[in-house]
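Chain and residue survey
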Amino acid sequence: MDDRSFTAAQDFLLSAKTFWTTTLYGAVRDSYSEKANHSQDGASDSVEAVAEALEDTTLYQFYAWLERHLQRMKYAGRYGLVPYHEERRREMLEALGHVDTDDRFLELNENLDLPAYYTGVDIHQHPGGVWSDALAGVIYERGARTTTPLLDAAGKDVHERFTDLALAGGSHSNVLDMGCGFGKSTQPFFRRLPDSRIEGVDLAAPCIKLAASLAQKAQSKNVRFRQMNACNTDYANESFDLVTSTMVLHELPPKTLDEFFDEAFRVLSPGGRMVNLDFYCLPDAFRRFIHYGHARRNNESYMGPLAEMDISKLLTSKGFVDVEILPFKETEGVDIDANGSWRFPWTVIAARKPERCGS
Ligand SMILES: C[S@@+](CC[C@H](N)C(=O)[O-])C[C@H]1O[C@@H](n2cnc3c(N)ncnc32)[C@H](O)[C@@H]1O
């Protein structure tokens with residue numbers, strides 16, 4: 001497959017996804033509003049009622065089919081990311097370059113046990129997930145560029161905006177990015193805090209190799225990527241003043257999420273903050289129905305369970321204080337209702353470890 005065909009096909013898929021995000025989503029939403037307005041008891045408050053109203057309609061089935069299969073085609077179709085990169089395997093791996101594994105940039109652990117929740121599903125419909133193939137990090141990076149099609153045009157990157165928020169009102173000399181992927185979430189921290197120590201951990205070796213390669217090319221000296229389970233790290237107690245994660249919580253089963261928060265609490269120094277960006281605040285049953293459908297169609301098994309959990313109660317029970325759960329504008333002026341288009345329910349979930357435990 002030549003570059004031009006690949007680019008044209010991926011551009012077509014992105015345009016189709018934009019149609020899905022705007023026109024088609026808007027039509028499904030209007031169709032539901034109309035049905036709810038005409039029903040005896042007005043707009044219903046349950047996901048089941050929305051499902052009852054929409055699931056058998058051609059419009060919703062088209063919407064759902066397109067969501068599932070545009071994503072499949074993006075990765076595995078004839079002009080998908082996987083076959084394109086497979087044909088260029090050697091040059092793609094060479095482009096990653098040699099990364100120092102002298103503990104400065106990158107630490108791999110080939111004996112790390114990968115949890116079954118992680119290996120059992122091709123997350124995002126990425127064949128083999130983000131961990132099983134040496135090219136998975138590069139493919140994930142390329143795929144992530146078109147996850148939210150309206151975002152790039154609209155302004156400042158979501159990770160940059162999240163970093164603004166996480167760093168607001170504090171000085172940070174030790175930062176841990178849990179589930180750092182290929183380092184997109186870690187980059188704004190190590191760029192903006194050149195005198196601080198920044199660590200990124202992730203289960204996926206191909207992702208952290210790319211993260212480290214990019215950091216090395218940028219000549220950043222204050223960051224290290226480690227292959228590690230964020231729920232069970234080897235950091236000493238109280239070693240970070242800021243622990244972050246972006247788009248990780250919804251990938252964890254509830255029990256693992258519990259362990260994740262315990263670990264964040266353990267490694268935070270007293271007074272330190274944990275700040276997560278994820279998908280949580282869903283304002284009504286329609287958005288909830290759409291979100292749960294997205295989770296099924298994108299192979300995100302734990303998106304639904306996260307949305308149903310009482311996170312505030314959970315964090316408080318673990319000893320966190322100042323719990324904040326706030327909708328997050330992925331770019332200025334764009335929230336879940338923006339332009340009537342489909343958006344992720346971006347949410348910041350933040351909390352602080354008390355100055356003195358138990359106080
Ligand atoms: C959607 S990606 C987000 C990556 C990055 N934070 C970003 O915003 O670009 C979720 C990441 O969480 C990682 N992950 C999932 N479970 C994990 C765990 N228990 N420990 C460490 N990383 C984990 C995955 O490998 C993946 O790279």
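Everything that follows concerns the structure shown earlier in this document.
Presented here is a report on the structure given in the accompanying data block. (Residues numbered from 1 in each chain as written. Predicted model: local features only at pLDDT ≥ 70, side-chain atom pairs only at ≥ 80, totals over all residues. Heavy atoms only, no water.)

Regarding its fold elements, the protein chain presents 15 helices and eight strands. Its C-alpha atoms give the protein chain principal-axis dimensions of roughly 60 × 60 × 35 Å. Burial status across the protein chain gives 53% buried among its 359 residues. Contacts spanning at least 24 positions in sequence make up 80% of the contacts within the protein chain whose residues lie at least 6 apart. If you sum the accessible surface of the protein chain, you get close to 16,300 Å²; carbon and sulfur atoms cover 50% of it. Distance from the positive charge centre (39 side chains) to the negative charge centre (53 side chains) of the protein chain: 3 Å. (Helix = DSSP H or I, 4+ residues; strand = E, 2+ residues; numbered from the N terminus. Buried < 20%, exposed > 50% of the residue type's maximum accessible area, 1.4 Å probe, protein only. Contact = heavy atoms within 4.5 Å. Areas by Shrake-Rupley, 256 points an atom, 1.4 Å probe, with all protein chains shown as cover. Lys, Arg positive; Asp, Glu negative; His and termini not counted. Charge placed at Lys NZ, Arg CZ, Asp CG, Glu CD.)

One pass over the structure, following the stated rule, counts three cavities of 30 Å³ or more. As for the largest cavity, its lining consists of Tyr117, Tyr118, Val121, Ile123, Glu251, Asn299, Glu300, Ser301 and Tyr302. Partitioned by chemical class, the residues of the lining of the largest cavity number five nonpolar, two polar and two charged. Considering the residues around the second largest cavity, the lining is formed by ten residues, among which Arg287, Ile290, Trp342, Arg343 and Pro345 are closest to the centre. Take the lining of the second largest cavity: its biggest share by element is three residues, from helix α13 (residues 285–297). In terms of residue class, the lining of the second largest cavity is made up of seven nonpolar, one polar and two charged. (1 Å grid on protein atoms, 1.4 Å probe; cavity = no way out; pocket = protein on both sides within 12 Å on 5 of 7 lines; lining within 4 Å. Points joined across faces, edges and corners; volume = space filled by probe spheres on them. Nonpolar A, V, L, I, M, F, W, Y, C, P; charged D, E, K, R; others polar.)

With respect to burial, strand β3 (residues 197–202) is a largely interior element, five of its six residues being buried. Inspection of the sheet shows strand β2 (residues 174–178) paired to β3 by five bridges, in the parallel sense. Note that in β3 the partner of Val175 across the bridge is Ile198. Taken together, the five bridges between β3 and strand β4 (residues 223–227) define a ladder with parallel strand orientation. (Pairing = 2+ DSSP bridges.)

Among the residues making up helix α2 (residues 47–54), those that are buried are Val47, Val50, Ala51 and Leu54. Buried residues of α2, viewed axially, fall in a sector of 100 degrees; they line one side. What points out from α2, more than 90 degrees from its buried face, is the exposed set Glu48 and Glu52. (Arc of directions from axis to C-beta.)

We now examine the pairing of β4. Burial runs high along β4: five of the five residues are buried. Alternating residues of β4 divide into Val223, Phe225 and Gln227 and Arg224 and Arg226, and every residue in both groups is buried. Each parallel crossover has a hand, and the one from β3 via helix α11 (residues 205–217) to β4 is right-handed. (Right-handed = clockwise from strand over helix to strand, strands pointing away.)

Moving on: the layout of surface pockets. Roughly 230 Å³ of volume is contained in the second largest pocket. Met92, Val138, Glu141, Arg145 and Leu210 are, among the 13 residues lining the second largest pocket, the residues nearest its centre. It is α11 that provides the largest number of residues to the lining of the second largest pocket, a total of four residues. The residue makeup of the lining of the second largest pocket, split by class, is seven nonpolar, two polar and four charged. Of the domains in this structure, domain 1 (3–96) and domain 2 (151–352) are the two that each give at least three residues to the lining of the second largest pocket. (Domains from an automatic or database assignment.)

One way to put it is that α2 packs onto α13 with a least axis distance of 8 Å and a crossing angle of 75 degrees. On the basis of their axis angle, the class for α2 and α13 is roughly perpendicular. Between α2 and α13, the contacting residues are Val47, Val50, Ala51 and Leu54 on the first element and Ala285, Phe286, Arg288, Phe289 and Tyr292 on the second. Looking at the contact of α2 with α13, its residues break down into eight nonpolar, no polar and one charged. (Axes fitted to C-alpha atoms, helices over the stretch in contact; angles between N-to-C directions. Parallel < 35°, antiparallel > 145°, perpendicular 65-115°, else oblique.)

Scanning the model with the defined rule gives 20 aromatic pairs in all. Taking the centre distance of 6.4 Å and the plane angle of 80 degrees together, the rings of Phe190 and Phe225 count as edge-to-face. Here Phe225 lies in strand β4 and Phe190 lies in helix α10 (residues 187–192), a separation of 35 residues in the sequence. For the pair formed by Phe190 and Phe225, the shared burial category is buried. (Phe/Tyr/Trp six-rings, centres within 6.5 Å; stacked < 30°, edge-to-face > 60°.)

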